[in-house]
Amino acid sequence: DEVLHAALAHCVDHVLRCRARILRRNKKPVVVPEHDSLDAEIDEVGRDQGFGRPRVLVLVPTKGAAYDCARVIETLLGDRAAVSNRQRFEAEFGPESVEDDGRRGPADWAELFGPGANADDDCEVGIALAPGRGKKKKIGSSFGVAMRLYAKLDESDIIIASPLALRVKLERSD
């Protein structure tokens, strides 16, 4: 759990720094050089933006692990984070009822995944972070970060997915 917390803290820090840099550079007016050098034009426009927005891919085995990752990210953003689509996320990725229906498997299941863990291994969720768009606590304080769950994958900063979901998505696109 400490390793997950540290790794996701690094990911969130990376995403927020990159988003802040992009937003700051987008405010500056674009100056296109007079000569026709493509390299000079690319340098002026900015090298901080790639072809897609996603910066981090977190591979998880099950929906339960994806749920844990998203909850850690929400915790890292603090109490001023505004989270959208939380109820839908809780319903789809949250823990299942603890009632034993006979399909759980060996005794070490609960030890490995936890009681009521969602063991569906076909999961993907995009998370978009927007600095400065969270909750404002008092007058004069700065805004937190808005966290949007279920963002389109190409509009997400962080993608949490299982290898199975990625493989199925790639096979469908072919």
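Residues numbered from 1 in each chain as written. Predicted model: local features only at pLDDT ≥ 70, side-chain atom pairs only at ≥ 80, totals over all residues. Heavy atoms only, no water.

## Side note on the sheet that holds strand β1 (residues 56–59)
Right, on to step 1. Strand order in this open sheet of five strands is β1-β5-β3-β4-β2, and the pairing throughout is mixed. This sheet does not close on itself; its edge strands, each paired only once, are β1 and β2 (82–84). For this sheet, the mean inter-axis angle between neighbouring strands, taken without regard to orientation, is 20 degrees.
Right, on to step 2. Packed onto the sheet, helix α1 (residues 2–27) meets β1, β3 (124–131), β4 (145–149) and β5 (158–161) and runs at close to 50 degrees relative to β3. (Pairing = 2+ DSSP bridges. Helix = DSSP H or I, 4+ residues; strand = E, 2+ residues; numbered from the N terminus. Axes fitted to C-alpha atoms, helices over the stretch in contact; angles between N-to-C directions. Contact = heavy atoms within 4.5 Å.)

## Some remarks on the environment of Leu 4
Right, on to step 1. Mapped onto the secondary structure, Leu 4 falls in helix α1.
Right, on to step 2. Residues Leu 4 and Asp 68 lie 64 residues apart in sequence; the distance between their C-alpha atoms is 9.2 Å.
Right, on to step 3. Sequence-distant contacts of Leu 4, defined by excluding residues within four places in its chain, comprise Cys 69 and Val 72.

## Thoughts on the nonpolar core
Soluble globular proteins: nonpolar side chains tend toward being buried together.
Right, on to step 1. Among the nonpolar cores identified, the biggest contains 28 residues, and Ile 73, Ile 127, Ile 158 and Ile 160 are the most heavily contacted of them.
Right, on to step 2. Secondary structure elements with two or more residues in this core: α1, β1, α3 (63–77), α4 (86–93), β3, β4 and β5.
Right, on to step 3. In terms of residue count, the dominant contributor to this core is α3 (seven residues).
Right, on to step 4. If near-sequence neighbours (up to four positions away) are discounted, Ile 158 is found in contact with Val 12, Val 15, Val 56, Val 58, Ile 73, Val 125, Gly 126, Ile 127 and Leu 129. (Core = buried A, V, L, I, M, F, W, Y, C linked by side-chain atoms within 4.5 Å. Buried < 20%, exposed > 50% of the residue type's maximum accessible area, 1.4 Å probe, protein only.)

## Details of the packing of α1 against α3
Right, on to step 1. Where α1 meets α3, the axes come as close as 10 Å, and the angle between the chain directions of the two elements is 60 degrees. Classed by the angle they form, the pair α1 and α3 counts as oblique. Crossing hand, α1 versus α3: right-handed. When α1 is examined against α3, the residues Leu 4, His 5, Leu 8, Ala 9, Val 12 and Leu 16 are found in contact with a partner set consisting of Cys 69, Val 72, Ile 73, Leu 76 and Leu 77.
Right, on to step 2. A per-class count over the contact of α1 with α3 returns ten nonpolar, one polar and no charged. (Parallel < 35°, antiparallel > 145°, perpendicular 65-115°, else oblique. Left-handed = near helix turned anticlockwise from the far one by under 90°. Nonpolar A, V, L, I, M, F, W, Y, C, P; charged D, E, K, R; others polar.)

## As for a positive patch on the surface
Right, on to step 1. Together, Arg 21, Arg 24, Lys 28 and Arg 55 make up a region of like positive charge exposed at the surface.
Right, on to step 2. One can find Arg 21 in helix α1. (Patch = residues over 30% accessible without salt bridge, like charges linked within 9 Å, V, L, I, M, F, W, Y side chains within 5 Å. Areas by Shrake-Rupley, 256 points an atom, 1.4 Å probe, with all protein chains shown as cover. Salt bridge = Lys/Arg side-chain N within 4 Å of Asp/Glu carboxyl O. Lys, Arg positive; Asp, Glu negative; His and termini not counted. Charge placed at Lys NZ, Arg CZ, Asp CG, Glu CD.)

## A look at unusual backbone geometry
Right, on to step 1. The phi dihedral of Asn 85 falls on the positive side, at around 65 degrees, and the residue is not glycine.
Right, on to step 2. Here Tyr 150, not a glycine, exhibits a phi torsion of approximately 65 degrees, which is positive.
Right, on to step 3. In this structure Tyr 150 comes out as buried when scored by relative accessible area, which is 18%.

## Re the packing of aromatic side chains
For any pair of aromatic rings, geometry is given as the distance between the ring centres together with the angle between the planes.
Right, on to step 1. One pass over the structure, following the stated rule, counts four aromatic pairs.
Right, on to step 2. Considering the side-chain rings of Tyr 67 and Phe 89, the 5.8 Å spacing of their centres and the 15 degrees angle between planes classify their relative orientation as stacked. Within this pair, whereas Tyr 67 is found in helix α3, its partner Phe 89 is found in helix α4, the two being separated by 22 residues in sequence.
Right, on to step 3. For Tyr 67, a relative accessible area of 14% gives the class buried.
Right, on to step 4. The class for Phe 89 is buried, based on a relative accessible area of 3%.
Right, on to step 5. For the cation-ring pair, Lys 63 lies above Phe 93, with the distance from its terminal atom to the ring centre recorded as 5.3 Å.
Right, on to step 6. A cation over an aromatic ring shows up here: Arg 88 above the ring of Tyr 150, its NZ or CZ 3.7 Å from the ring centre. (Phe/Tyr/Trp six-rings, centres within 6.5 Å; stacked < 30°, edge-to-face > 60°. Lys NZ or Arg CZ within 6 Å of the ring centre and 35° of its normal.)

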